Amino acid sequence: MARLIEKPTIVQAAGNKPKRIEEFVGRVNSGTAGVSVARMTSPTGWVEPGQAPEFDEFTLVLRGTLRVETRSGTLEVAAGQAVVAPRGEWVRYSTPHEGGAEYVAVCLPAFSPETVHRDQG
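Residues numbered from 1 in each chain as written. Predicted model: local features only at pLDDT ≥ 70, side-chain atom pairs only at ≥ 80, totals over all residues. Heavy atoms only, no water.

## Topic: the overall build of the chain
Assigned secondary structure in the chain consists of 1 helix and 9 strands. Mapped in sequence order, the helices and strands of the chain form the string β-β-β-β-β-β-β-β-β-α. Against the compact-globule benchmark of 14 Å for 121 residues, the chain has a radius of gyration of 14 Å, which places it among compact chains. Dimensions of the chain along its principal axes, counting C-alpha atoms only, are 45 × 30 × 25 Å. Taking all 121 residues of the chain together, 35% fall into the buried category. When contacts within the chain are restricted to residue pairs at least 6 apart in sequence, long-range pairs at least 24 apart make up 66% of them. For the chain, the exposed surface amounts to about 6600 Å²; the carbon and sulfur share of it is 55%. Taken as two groups, the 13 positive and 14 negative side-chain charges of the chain have centres that lie 3 Å from each other. (Helix = DSSP H or I, 4+ residues; strand = E, 2+ residues; numbered from the N terminus. Rg over C-alpha atoms; globule rule 2.2 N^0.38 Å. Buried < 20%, exposed > 50% of the residue type's maximum accessible area, 1.4 Å probe, protein only. Contact = heavy atoms within 4.5 Å. Areas by Shrake-Rupley, 256 points an atom, 1.4 Å probe, with all protein chains shown as cover. Lys, Arg positive; Asp, Glu negative; His and termini not counted. Charge placed at Lys NZ, Arg CZ, Asp CG, Glu CD.)

This is the structure in C-alpha cells:
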C-alpha cells in the first residue's frame with residue numbers, strides 16, 4: 001500500500017558551513033535501507049570532506065551550481081543538470097558560487113554515516 005511521507009527529517013550535515021538536509025526517504029525518516037532521497041540546501045562557500053561511499057549517488061540540481069570533484073576531474077553541475085557518483089569512487093561536493101545551490105540526492109542503498117567513508121582531518 002502507498003504511504004504518504006508528510007514531512008522530512010532534518011539531518012545534520014558535514015562541512016565547513018551549515019547546510020540543510022531534508023531526508024524524505026531513508027534510514028532516518030522512513031526506515032528505508034534500500035534507497036534514500038533528500039533535498040539539500042547549501043550556502044555559498046560550503047564544502048564537505050571528500051568521501052568514498054559504499055552507495056551510488058544520483059544528484060539533480062534544482063537551483064544554483066554544485067561542484068563535484070573526483071580523482072579524474074571537476075564537474076560544475078548547474079540547475080537542470082544531474083550527476084552520477086558511483087559507489088567506491090572518491091568524491092567531494094561543494095557550492096563555491098554566489099547563491100549556493102539546492103539539489104536532490106538519491107543514494108542506493110540508502111545513505112548511512114557508517115558507509116559514507118569521509119576523509120579524516
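The discussion continues.
## Observations regarding the nonpolar core
Counting 15 residues, the largest nonpolar core has Met40, Leu66, Val68, Tyr93 and Tyr103 as its most contacted members. Taken together, the elements giving at least two residues each to this core come down to strand E3 (36-42), strand E5 (56-70), strand E7 (82-85), strand E8 (91-95) and strand E9 (101-108). Residues within four places of Met40 in sequence aside, it is in contact with Lys19, Arg20, Ile21, Ala101, Glu102, Tyr103 and Ala105. (Core = buried A, V, L, I, M, F, W, Y, C linked by side-chain atoms within 4.5 Å.)

## Considering the pairing of E8
The element E8 is extensively covered by neighbouring structure, given that 4 of its 5 residues are classed as buried. Relative to E8, strand E4 (residues 46-47) is paired through 2 bridges, and the arrangement is antiparallel. Residue pairing in the sheet places Trp46 in a bridge with Thr95 of E8. (Pairing = 2+ DSSP bridges.)

## Points about the layout of surface pockets
In this model, the largest pocket occupies a volume close to 400 Å³. Those elements that place two or more of their residues in the lining of the largest pocket are strand E2 (20-25), E3, E9 and helix H1 (113-116). For the lining of the largest pocket, the per-class residue count stands at 16 nonpolar, 4 polar and 6 charged. (1 Å grid on protein atoms, 1.4 Å probe; cavity = no way out; pocket = protein on both sides within 12 Å on 5 of 7 lines; lining within 4 Å. Points joined across faces, edges and corners; volume = space filled by probe spheres on them. Nonpolar A, V, L, I, M, F, W, Y, C, P; charged D, E, K, R; others polar.)

## A look at the environment of Val28
The residue Val28 is located in the loop between E2 and E3 in this model. Taking the C-alpha atoms as reference, Val28 lies 30 Å from Arg71; in sequence the two are 43 residues apart. Setting aside its immediate chain neighbours within four residues, Val28 contacts Thr9 and Glu23.

## Examining the side chain of Ser36
By the secondary structure assignment, Ser36 is in strand E3. The class of Ser36 is buried, set by a relative accessible area of 5%. In terms of polar contacts, Ser36 uses its side chain to reach the backbone amide nitrogen of Phe111, at 3.0 Å. Filtering out sequence-adjacent residues up to four positions away, Ser36 remains in contact with Val25, Gly26, Ala105, Val106, Cys107, Ala110 and Phe111. (Polar contact = N/O pair within 3.5 Å; in protein donor to acceptor, adjacent residues only side chain to side chain.)

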